[in-house]
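Coordinate analysis (summary)
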Amino acid sequence: MTGYHLRPSQTVLDLREEFPDFLICELHNDLGRPCFTATSTLTGASGQPELVVTAGADELRRTLTVLSTGSTQSGREGGES
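Residues numbered from 1 in each chain as written. Predicted model: local features only at pLDDT ≥ 70, side-chain atom pairs only at ≥ 80, totals over all residues. Heavy atoms only, no water.

Considerations on the side chain of Glu26
Among the structural elements, Glu26 can be located in strand β1 (residues 22–28). Lacking a salt bridge, the buried Glu26 has Arg16 as its closest oppositely charged neighbour, with an N-O distance of 8.6 Å. Separated by 2.9 Å, the side chains of Glu26 and Ser9 make a polar contact. (Helix = DSSP H or I, 4+ residues; strand = E, 2+ residues; numbered from the N terminus. Buried < 20%, exposed > 50% of the residue type's maximum accessible area, 1.4 Å probe, protein only. Lys, Arg positive; Asp, Glu negative; His and termini not counted. Salt bridge = Lys/Arg side-chain N within 4 Å of Asp/Glu carboxyl O. Polar contact = N/O pair within 3.5 Å; in protein donor to acceptor, adjacent residues only side chain to side chain.)

Encoded structure:
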């Protein structure tokens, strides 16, 4: 992997804005193919942060949408009145 870019792409900035509870990075392998990672800043059901790795931004968006919806329904609804 070539590493983490100092200036994130617009795609990463958009994903970070859309999913503020995740630390999102874009890495590239030796052939230049992207890999998107997201680590939750909240703990999951196991008590550990969740790590998501996908090959593309659209796949990451779909996965994080499901994870965000699940945590919103189980973690935040019950505490609000």
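Next comes the rest of the account.
Observations concerning the confidence of the model for the protein
In low-pLDDT segments, the atomic positions of the prediction should not be examined closely. Residues of the protein with pLDDT of at least 70 account for 78%, and the chain-wide mean is 80. Here helix α2 (residues 57–76) stands out as the least confident element of the protein, with mean pLDDT 77; helix α1 (residues 10–18) is the most confident, with 95. Here residues 72–81 is a poorly scored stretch, pLDDT under 50, and it has 4 contacts once near neighbours within four places are set aside; other chains count. (pLDDT = per-residue confidence, 0-100. Contact = heavy atoms within 4.5 Å.)

Details of the sheet that holds strand β2 (residues 34–43)
One open sheet holds the 3 strands; their spatial order is β1-β2-β3, and the pairing between them is antiparallel. At either end of the open sheet lies a strand with only one pairing partner, and these are β1 and β3 (49–54). Ignoring strand direction, the axes of neighbouring strands in this sheet form an average angle of 15°. Bridge count for β2 against β3 is 5 bridges, and the pairing is antiparallel. In the strand pairing of β3, Ala38 is matched with Val52. (Pairing = 2+ DSSP bridges. Axes fitted to C-alpha atoms, helices over the stretch in contact; angles between N-to-C directions.)

Structural notes on the pattern of salt bridges
Within this structure, the stated rule accounts for 2 salt bridges. One salt bridge connects Glu18 with Arg61, and the closest N-O pair in it is separated by 2.9 Å. Separated by 43 residues along the polypeptide, Glu18 in helix α1 and Arg61 in helix α2 bring together distant segments of the chain. Judged by relative accessible area, which is 25%, Arg61 ranks as partly exposed. Connected via shared salt-bridge partners are Glu18, Asp58 and Arg61.

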